[in-house]
Amino acid sequence: MHDKVCTPMVRRKLCLVIPSLQAGGMERVMSELATYLYGHDDLEIHLVLYGKRPEIFYQIPDGIRVHKPLSGFNNRYRFYYSVSRLVFLRKAVARINPDSVLSFGEYWNSFVLLALFGLSCPVYISDRCSPASEPHGIHKILRRWLYPGAKGVIAQTALARKMYKEQFRHENISVIGNPIRFPEQTSVSRQKRVLTIGRLIRSKNHDEIIRMFCRIDKPGWNLVIVGGDALKQGNEEILRGIVKSLDAESKVELAGYRKNTDNYYYESSLFVLASESEGFPNVIGEAMAAGLPVVAFDCIAGPSEMITDGVNGFLVPVGDYDQMASRIELLMDDDDLRSTMGSRAREAIERFRLDVIGNEYYNFLLGA
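This is a predicted model, so every value here is computed, not measured.

Engineer: What is the right way to look at the overall build of the protein chain in this model?
Structural biologist: Looking only at helices and strands, one finds 13 helices and 13 strands in the protein chain. Overall size of the protein chain, expressed as C-alpha extent along the three principal axes, is 75 × 65 × 40 Å. Scored against the burial criterion, the 368 residues of the protein chain give a buried share of 53%. Across the protein chain, the fraction of contacts at a sequence separation of at least 24, relative to all contacts at a separation of at least 6, is 67%. For the protein chain, the exposed area adds up to about 17800 Å²; of that, 50% sits on carbon and sulfur atoms. Of the side-chain charges in the protein chain, 46 are positive and 43 negative, and the distance between the mean point of each set is 8 Å.

Engineer: Just checking my understanding: could you explain empty space enclosed by the protein for this structure?
Structural biologist: A water-sized probe rolled over the atoms picks out the places where empty space is left. What the rule picks out here adds up to two cavities of 30 Å³ or more. The calculated volume of the largest cavity comes to roughly 40 Å³. Forming the boundary of the largest cavity are V194, I209, M212, F213, I216, L223, V272 and I328. Looking at the lining of the largest cavity residue by residue, the classes come out as eight nonpolar, no polar and no charged.

Engineer: What is the right way to look at the packing of aromatic side chains in this model?
Structural biologist: Aromatic rings considered in pairs are described by the distance between their centres and by the relative angle of their planes. Tallying each qualifying case throughout the model produces 13 aromatic pairs. Between Y50 and W108, the ring centres sit 5.6 Å apart and the planes meet at 70°, which makes this aromatic pair edge-to-face. Of the two residues, Y50 sits in the loop between β2 (43-49) and β3 (65-67) while W108 sits in the loop between β4 (100-104) and α3 (109-115), which places them 58 residues apart along the sequence. Residue class for Y50 comes out buried when judged on its relative accessible area of 1%. Judged by relative accessible area, W108 falls into the partly exposed class, the value being 33%. Members of the aromatic cluster, joined through ring pairs, are Y50, W108 and F111. Positioned over the ring face of F104 is R128, at 4.1 Å from the centre of the ring. Between R353 and the ring centre of F182, over which it is positioned, the NZ or CZ distance is 3.8 Å.

Engineer: What is the right way to look at the environment of L113 in this model?
Structural biologist: By the element assignment, L113 lies in helix α3. Spatially, the C-alpha atoms of L113 and Y147 are 7.6 Å apart, while their sequence positions differ by 34 residues. Discounting residues that sit within four places of it in the chain, L113 has contacts with V123, I125, L146, Y147 and A150.

Engineer: Please clarify how unusual backbone geometry should be interpreted in this entry.
Structural biologist: Trans peptide bonds make up the majority, and among non-glycine residues the majority have a negative phi. Residue I300 is joined to A301 through a cis peptide bond whose omega torsion reads 0°. The phi torsion at N97 lies on the positive side, around 55°, for a residue other than glycine. Along the chain, N97 turns up in the loop between α2 (78-96) and β4. You will see that D217, though not glycine, has its phi angle at about 50°, which is positive. Among the structural elements, D217 can be located in the loop between α6 (206-216) and β9 (222-226).

Engineer: When you look at the packing of helix α1 (residues 25-38) against helix α13 (residues 354-366) in this model, what are you seeing that I'm missing?
Structural biologist: A pair of packed helices is characterised by two quantities: the angle between their axes and the separation of those axes. Where α1 contacts α13, the axes come no closer than 10 Å and their chain directions differ by 80°. Here α1 is positioned roughly perpendicular relative to α13, judged by the angle of their axes. When α1 is examined against α13, the residues E32, L33, Y36 and L37 are found in contact with a partner set consisting of L354, D355, G358, N359, Y361 and Y362. Considered class by class, the residues forming the contact of α1 with α13 number six nonpolar, two polar and two charged.

Engineer: Is there a simple way to explain the layout of surface pockets in this structure?
Structural biologist: Approximately 530 Å³ is the volume attributed to the second largest pocket. If you trace the second largest pocket, you find 19 residues lining it, with R78, S82, Y107, W108 and F111 closest to the centre. The residue makeup of the lining of the second largest pocket, split by class, is twelve nonpolar, four polar and three charged.

What counts and how
- Residues numbered from 1 in each chain as written.
- Predicted model: local features only at pLDDT ≥ 70, side-chain atom pairs only at ≥ 80, totals over all residues.
- Heavy atoms only, no water.
- Helix = DSSP H or I, 4+ residues; strand = E, 2+ residues; numbered from the N terminus.
- Buried < 20%, exposed > 50% of the residue type's maximum accessible area, 1.4 Å probe, protein only.
- Contact = heavy atoms within 4.5 Å.
- Areas by Shrake-Rupley, 256 points an atom, 1.4 Å probe, with all protein chains shown as cover.
- Lys, Arg positive; Asp, Glu negative; His and termini not counted.
- Charge placed at Lys NZ, Arg CZ, Asp CG, Glu CD.
- 1 Å grid on protein atoms, 1.4 Å probe; cavity = no way out; pocket = protein on both sides within 12 Å on 5 of 7 lines; lining within 4 Å.
- Points joined across faces, edges and corners; volume = space filled by probe spheres on them.
- Nonpolar A, V, L, I, M, F, W, Y, C, P; charged D, E, K, R; others polar.
- Phe/Tyr/Trp six-rings, centres within 6.5 Å; stacked < 30°, edge-to-face > 60°.
- Lys NZ or Arg CZ within 6 Å of the ring centre and 35° of its normal.
- Axes fitted to C-alpha atoms, helices over the stretch in contact; angles between N-to-C directions.
- Parallel < 35°, antiparallel > 145°, perpendicular 65-115°, else oblique.

Here it is as structure tokens:
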């Protein structure tokens, strides 16, 4: 009787390319996908970082092979260093010779497609912003020229898929949402708190949220805004001025940037988001995962992918602060409604767990 010969498993190579893994929503999603896909025994995961500062903020498994340029980036010679990054990216991917490449970033996908033009590896791309915010100038030209050459496009929402199909005339577009982080359950109790989380940038309309909350003026309730200044807009000082002018310092808290927001979710009773534009707002998903009903503008795009109006939260026409205020007040006044909607919200967001989303990426990038 002959001994059985064990044939070693042939592992396929998946190459994830992104400018960096610095702190940010797009970077967080890429790090989570890298970690999930690394758990597949049939895959060898490579991460190629090619941006100005190819740093790693998010934790990834040690077994993931990381490729970074050896040289720095000097803005005085931007063109030269951009070309050198393009050459680095092409050589790195060519050496890896992956079965599939995944690129993130609406301003970066064209760079990746240009760098890898002519190589045999299939390249999949995903924009991470609102599909309504189409770039202008050279970025718009490059997208329309290069995107059709991608093997596949990943849209975060059904509306984005529809818009991309018209823009790029691409047939292989799959809708895959973001993996939602489920905040760690804490033992704290719910307070009469309205919560919003997001960078303090103008499009988030924190100033209007503050004014709206103060108009509602519900005794015992407070508003907490978690987020720090961004895009050099200096909005924290402006918001503090608005709070002071409304004599609302005792009921409106500007908590600043917080790395861990789990307690904020579980200490609050409802969540509000007044963004005018989103790609796929992770904070809505996290709030729902923590059992909070969400009141949000029905902006392009993302909130309607998670919230079913009147069932697990409320969708409000963009800019209609009167209706938003009435929905918030309705939830403030009804403990049972908040509890029911919160439970439904948590159930609805289960389909965005990392294992579900990660498996959808696996199947799209590498086949079932």
